[in-house]
Amino acid sequence: MQEISSQLQQVLSRIAQACDQCGRKQDEVTLLAVSKKQAIEAIHTAYKAGQRHFGENYVQEALDKIHALAHLQITWHLIGALQSNKTAEVAQHFAWVHSIDRLKIAQRLSAQRPNGLPPLQICLQVNIDQQDSKSGCTVEELPTLIKAILPLPNLVLRGLMIIPQAQNHQAFMQLAQLREHLLATIPQLSPQVFDTLSMGMSDDLEPAIAAGSTLVRVGTAIFGQRN
Ligand SMILES: *Cc1c(COP(=O)(O)O)cnc(C)c1O
């Protein structure tokens, strides 16, 4: 458990160094600790070391952790695929969802977000390089999807998310350019709100930050191999 806090510090140093090298400020990049398949105790250890944003992939596993750690000030992010029969739980318990790729899921999340909670922050997952996984919408689908999502009252569209194929660092630049293109062509999008590029993981956070990532999702480099 001691290791988790020193590995967390190492990841924060990598982020600081990557920011330095491209002239960005460290506070422009949020570290999301990806705790899927990790024990509740491991999350608690990272929390005690100062980490506040945690990402989970599987809804049921995440709910168990959210309930067990409800006394902590954690911001929970869903980064895995979301089926429509799980949207109510997600709307109630998460602050962010990064993996939206179709309108129906967004509509359900907005309708099911409880009154009294702030709007759910969402990113659209884009399949920019036709990676094997079927998740993510295509670049062509994006404008229509965005225009349909923007009016939904209980969601805030914060940006774009990508899981590129290994070593495809060009995809990070493409996602940053895609954000610029969308801002230039969809006047309802505000650069202050649509400000998130969720990209970069344990092995490639440096090129992602160089390309403009504002949120890196890091699991293994903090927690070690998953169970
Ligand atoms: C598991 C996962 C991560 C973290 O991957 P690591 O290589 O362990 O850092 C990031 N993003 C998503 C969407 C994931 O599923």
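Everything below is about the structure printed above this text.
In this text the structure is predicted, and so the values were computed from the model without any measurement.

Here we take up the overall build of the protein chain. From N to C terminus, the protein chain includes nine helices and eight strands. Relative to a compact globule of 227 residues, whose C-alpha radius of gyration would be 17 Å, the protein chain shows 17 Å and is just as compact. Counting only C-alpha atoms and orienting by the principal axes, one finds that the protein chain spans roughly 50 × 40 × 30 Å. Buried positions account for 50% of the 227 residues belonging to the protein chain. Of all intrachain contacts in the protein chain linking residues separated by at least 6 positions in sequence, the fraction that spans at least 24 positions is 58%. Total accessible area on the protein chain stands at roughly 10,700 Å², and carbon and sulfur atoms take up 49% of it.

Glancing now at the packing of aromatic side chains. Taken as a whole and assessed by the stated rule, the structure comprises one aromatic pair. Aromatic pair F54 and W76: ring centres 6.1 Å apart, planes at 40°, arrangement tilted. With F54 in strand β2 (residues 53-56) and W76 in strand β3 (residues 75-78), this residue pair connects regions lying 22 residues apart in the sequence. Positioned above the aromatic ring of Y47, the side-chain terminus of R52 is 3.7 Å from the ring centre.

Before going further, it helps to examine the pairing of β3. Taken together, the four bridges between β2 and β3 define a ladder with parallel strand orientation. For G55, the partnering residue across the bridge sits in β3 and is H77. With respect to chirality, the unit in which β2 leads through helix α3 (residues 59-68) into the neighbouring parallel β3 is right-handed. Summarising the sheet, β3 and strand β4 (residues 96-100) pair through two bridges and their orientation is parallel. When the sheet's bridge partners are listed, L78 is paired in β4 with V97. With respect to chirality, the unit in which β3 leads through helix α4 (residues 87-93) into the neighbouring parallel β4 is right-handed.

Looking at soluble globular proteins, one finds that nonpolar side chains tend to be buried together. Within the largest apolar cluster, 67 residues are counted, with the highest numbers of intra-cluster contacts made by L109 and L160. Take this core: its biggest share by element is seven residues, from helix α7 (residues 170-185). With residues up to four places along the chain from it excluded, the contact list for L160 reads C123, L124, V126, L142, L175, L178, R179, L182, F194, T196, L197 and S198.

All right, on to α7 then. With 16 residues, α7 should reach 22 Å at 1.5 Å per residue; the first-to-last C-alpha distance of 23 Å fits that figure. Among the residues making up α7, those that are buried are A171, F172, L175, A176, L178, R179, L182 and L183. Buried positions in α7, seen along its axis, are confined to an arc of 155° and lie on one side of it. Across from the buried face of α7, at angles greater than 90 degrees, the exposed residues are Q170, Q177 and A184.

Time to look at the site of the ligand. Inspection of the region around the ligand gives 13 residues, with K36, N57, S202, T220 and R226 positioned closest. The separation between an oxygen atom of the ligand and a polar side-chain atom of K36 is 2.7 Å. R226 places a polar side-chain atom, nitrogen or oxygen, 2.8 Å from an oxygen atom of the ligand. Look at the ligand: alone it shows 390 Å² of surface, and the protein chains cover 89% of it. In terms of residue class, the shell around the ligand is built from six nonpolar, four polar and three charged.

Inspection of every chain in the model, using the stated rule, returns seven salt bridges. The salt bridge involving K65 is made with E56; its shortest N-O contact spans 2.9 Å. The buried category is assigned to K65, whose relative accessible area is 4%. Shared partners join several salt bridges into a network, and the residues in it are E56, E61 and K65.

Buried residues dominate strand β5 (residues 120-125), accounting for six of its six residues. A two-sided burial pattern is seen for β5, the buried positions comprising L120, I122 and L124 on one face and Q121, C123 and Q125 on the other. Summarising the sheet, β4 and β5 pair through three bridges and their orientation is parallel. Within β5, the position partnered with V97 by the bridge is I122. Where β5 and strand β6 (residues 155-161) come together, six bridges link them in parallel fashion.

About the cut-offs
- Residues numbered from 1 in each chain as written.
- Predicted model: local features only at pLDDT ≥ 70, side-chain atom pairs only at ≥ 80, totals over all residues.
- Heavy atoms only, no water.
- Helix = DSSP H or I, 4+ residues; strand = E, 2+ residues; numbered from the N terminus.
- Rg over C-alpha atoms; globule rule 2.2 N^0.38 Å.
- Buried < 20%, exposed > 50% of the residue type's maximum accessible area, 1.4 Å probe, protein only.
- Contact = heavy atoms within 4.5 Å.
- Areas by Shrake-Rupley, 256 points an atom, 1.4 Å probe, with all protein chains shown as cover.
- Phe/Tyr/Trp six-rings, centres within 6.5 Å; stacked < 30°, edge-to-face > 60°.
- Lys NZ or Arg CZ within 6 Å of the ring centre and 35° of its normal.
- Pairing = 2+ DSSP bridges.
- Right-handed = clockwise from strand over helix to strand, strands pointing away.
- Core = buried A, V, L, I, M, F, W, Y, C linked by side-chain atoms within 4.5 Å.
- Expected span 1.5 Å × (residues − 1).
- Arc of directions from axis to C-beta.
- Near = heavy atom within 4 Å.
- Polar contact = N/O pair within 3.5 Å; in protein donor to acceptor, adjacent residues only side chain to side chain.
- Nonpolar A, V, L, I, M, F, W, Y, C, P; charged D, E, K, R; others polar.
- Salt bridge = Lys/Arg side-chain N within 4 Å of Asp/Glu carboxyl O.

Limitation: the analysis is restricted to geometry and does not speak to function.
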